[in-house]
Amino acid sequence: MGKSVADQQKSGFSDDHVRFMALHAALIAAQALTEPGISGSERLAMLERAHGIMLALRGPTHAVGFAEFRGLVRGPVSGLLPPGRSPGGLERVHAIDPETGERLVDLESLEGEFRHVARLSGKAPPWPWLREELAENKAFELFRKGNDQAAYEQRRGFVIRHAAGTLASLRAMPGELSDLYGEVPMERIYDRWCFPCPLCRWPMSVRATGDVVRVLCDDRGHRERGAEYLFKRDDDKEGPPDLVQVHRGVAVPARARPLAPAAGQARAQEAAKTRMVGHECWRSHVVPGLLELALYDELRTRGATVNLWPGMDSYDLHIAVPLDRVWKVDVKDVALVDPLITSLEGEDGRGKWIVVPDRLRLEEPLLKRKLSRSGWKVCTASKLATEVCRALEVAWP
Ligand SMILES: [Zn+2]
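Residues numbered from 1 in each chain as written. Predicted model: local features only at pLDDT ≥ 70, side-chain atom pairs only at ≥ 80, totals over all residues.

A word on the overall build of the chain
The helix and strand inventory of the chain stands at 14 helices and 14 strands. In terms of its C-alpha atoms, the chain occupies a principal-axis envelope of roughly 65 × 60 × 40 Å. Here the chain holds 397 residues, and the buried ones make up 41% of them. Partitioning the contacts of the chain with sequence separation of at least 6, the portion at a separation of at least 24 is 63%. (Helix = DSSP H or I, 4+ residues; strand = E, 2+ residues; numbered from the N terminus. Buried ≥ 20, exposed ≤ 12 C-beta atoms within 10 Å, placed from the backbone. Contact = placed C-beta atoms within 7 Å.)

Quick look at the structure:
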């Protein structure tokens, strides 16, 4: 990196790259400030790294000192952006909850969504490390290996149904996928246990405050459907802790229930015998994939012809009913709709549907307004199912 910061600024970061970097810095800083069990020197090194990223993206004109940076990290993430940049939704994101002081559990998901947009924005960023952060994800490459549609479906389907599992349950895994699975990290372990989310099977986050331990899925939609538990710390207990569900989940209208089941009781599993996919794979394949597979299963049993990921993922679902009605569907399950709008606005959406989970139904009008110009049609999953079933002349749900 021979260039000065000012030169790099001139060579131009797009708004998309700047927003991703701000969120990336916020994520590192929030980890440093909230993660128990990291040493003071480690904490300082992480904060300095995050501060460095922020200085780089603001340039010398808008530099801020370390103390001020620590303050900014507790405000909305848009506060890290250089003045004059459009916040793109980051004005509503707090990396650290101002009330509880906890790290936002969706932070990594949001970072992934903004990274995806930055990756799509065309012009490569000037720094090698940032280009690396933006590299295509490994899972897609492994799914596509050998250019075989049937193998693609089998591999991707396996990962969605097994975001994590015991070594025994993963034995049926197509061998080429083994690179995607790793050990359960510390922040998802209590004692020797981890706790798979009943909806996605991925080990939930573990947060201990005093005597109470909270266990919650990283996905907001799964938490809303009940994937959030508590137990009391008991150092003398031999077996796994007994999880108590915090709430039974928000009421889901009958027509959305087959596509968004409620979370039941969660069970502990031995962490040492568990393997899980990484966060990016979970966020970009497993979470939306559960809705893709639910639509696939439910609409097929009602008589529609459904194909998954045609042309090795030209889109997610091809749904056909007699007399030539066809829906080409992309399922988008996101933490924040702003990066989704940015990534789709410039694409030709003619003839295609963007389908969002019903929990995002309040965002449907905004998505329609923003995306109809490029030809996309937008609806919730239960509306799509209702419309397909009407064409089939069968009942939904
Ligand atoms: Zn989950």
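Once the structure has been displayed, the description carries forward.
Observations concerning helix 2 (residues 15–34)
Taking 1.5 Å per residue as the helical rise, helix 2 with its 20 residues ought to reach 28 Å, and the 28 Å between its terminal C-alpha atoms agrees with that figure. For helix 2, the tally of buried residues reaches 15 of 20 residues, placing the bulk of the element in the interior. (Expected span 1.5 Å × (residues − 1).)

Here's the deal with the domain arrangement of the chain
When the domains of the chain are assigned, the result is domain 1 (5–135) and domain 2 (283–392). Once you take the C-alpha centre of each, domain 1 and domain 2 turn out to be 31 Å apart. Each partner contributes to the interface: domain 1 provides 12 residues, whereas domain 2 provides nine residues. Among the elements that line the side of domain 1 that touches domain 2, the one with the most residues is helix 5 (residues 107–120), at eight residues. Classifying every residue of the side of domain 1 that touches domain 2 gives four nonpolar, five polar and three charged. (Domains from an automatic or database assignment. Nonpolar A, V, L, I, M, F, W, Y, C, P; charged D, E, K, R; others polar.)

Focus on the packing of helix 5 against helix 10 (residues 279–301)
It is the contact of helix 5 with helix 10, at a shortest axis distance of 10 Å, that shows an interaxial angle of 70°. Classified by the angle between their axes, helix 5 and helix 10 sit roughly perpendicular to one another. Contacts from Glu108, Ser109 and Gly112 of helix 5 reach helix 10 at His279, Glu280, Arg283 and Ser284. (Axes fitted to C-alpha atoms, helices over the stretch in contact; angles between N-to-C directions. Parallel < 35°, antiparallel > 145°, perpendicular 65-115°, else oblique.)

Describing the sheet that holds strand 4 (residues 205–209)
One open sheet holds the four strands; their spatial order is 4-5-6-7, and the pairing between them is antiparallel. One side of each edge strand has no neighbouring strand; the edge strands of this open sheet are strand 4 and strand 7 (244–245). As paired elements, strand 4 and strand 5 (residues 212–216) share five bridges and run antiparallel to each other. From the neighbouring strand, valine 206 faces strand 5, where its bridge partner is valine 215. (Pairing = 2+ DSSP bridges.)

As for the nonpolar core
One finds Ala22, Ala25, Ala26, Ala29, Val277 and Val286 to be the most contacted residues of the largest nonpolar core, which totals 105 residues. At 11 residues, the largest contribution of residues to this core is made by helix 2. Two domains each put at least three residues into this core: domain 1 (5–135) and domain 2 (283–392). (Core = buried A, V, L, I, M, F, W, Y, C linked by C-beta atoms within 7 Å.)

Considering the pairing of strand 6 (residues 228–232)
Taken together, the five bridges between strand 5 and strand 6 define a ladder with antiparallel strand orientation. Residue pairing across strands places arginine 214 opposite leucine 230, the latter belonging to strand 6. In terms of strand pairing, strand 6 meets strand 7 through two bridges, oriented antiparallel. Along strand 7, the bridge assignment pairs leucine 230 with valine 244.

Some details on the packing of helix 12 (residues 337–345) against helix 13 (residues 364–371)
Working note: a packed helix pair is described by the angle between its axes plus the distance between those axes. Closest axis-to-axis distance for the helix 12/helix 13 pair is 10 Å, and the angle between their directions is 20°. Overall, the two elements helix 12 and helix 13 adopt an arrangement that is roughly parallel. Considering the relative orientation of helix 12 and helix 13, their crossing is right-handed. Facing Val337, Ile341, Leu344 and Glu345 of helix 12, the residues of helix 13 in contact are Leu366, Leu367, Lys370 and Leu371. Here the contact of helix 12 with helix 13 is composed, by residue class, of six nonpolar, no polar and two charged. (Left-handed = near helix turned anticlockwise from the far one by under 90°.)

Considering the sheet that holds strand 2 (residues 181–183)
With antiparallel pairing, the three strands of this open sheet are ordered in space as 1-9-2. The outermost strands of the open sheet, each flanked by one partner alone, are strand 1 (164–166) and strand 2. Taking the axes of each pair of neighbouring strands and ignoring which way they run, one obtains an average angle of 35° across the sheet.

Here we look at unusual backbone geometry
In this chain, tryptophan 396 is followed by proline 397 through a cis amide linkage whose omega measures -5°. Here proline 397 lies in the segment after helix 14 (381–392). Positioned with a positive phi, aspartate 191 is a non-glycine residue whose angle comes to about 55°. Checked against the element boundaries, aspartate 191 lands in the loop between strand 2 and strand 3 (193–194). Although it is not a glycine, arginine 201 sits at a positive phi angle of roughly 70°. Structurally, arginine 201 is set in the loop between strand 3 and strand 4.

Looking at helix 3 (residues 40–58)
A rise of 1.5 Å per residue sets the reference length of helix 3, with its 19 residues, at 27 Å; its end C-alpha atoms lie 27 Å apart and thus fit the reference within 8%. Inspection of helix 3 places Leu47, Ala50, His51, Ile53, Met54, Leu57 and Arg58 among the buried residues, and these make up the whole buried set. Taken around the axis of helix 3, the buried residues stretch over an arc of 155°, which confines them to a single face. Facing away from the buried side of helix 3 by over 90 degrees, the exposed positions are Ser41, Glu42 and Leu44. For helix 3, the elements touching its buried residues are helix 2 and helix 4 (66–72). (Arc of directions from axis to C-beta.)

So, the environment of lysine 383
Residue position: lysine 383 is located in helix 14. Judged by the 18 C-beta atoms lying within 10 Å of it, lysine 383 falls in the partly exposed class. Remark: the alpha-carbon pair of lysine 383 and alanine 118, spanning 265 residues in sequence, is separated by 31 Å.

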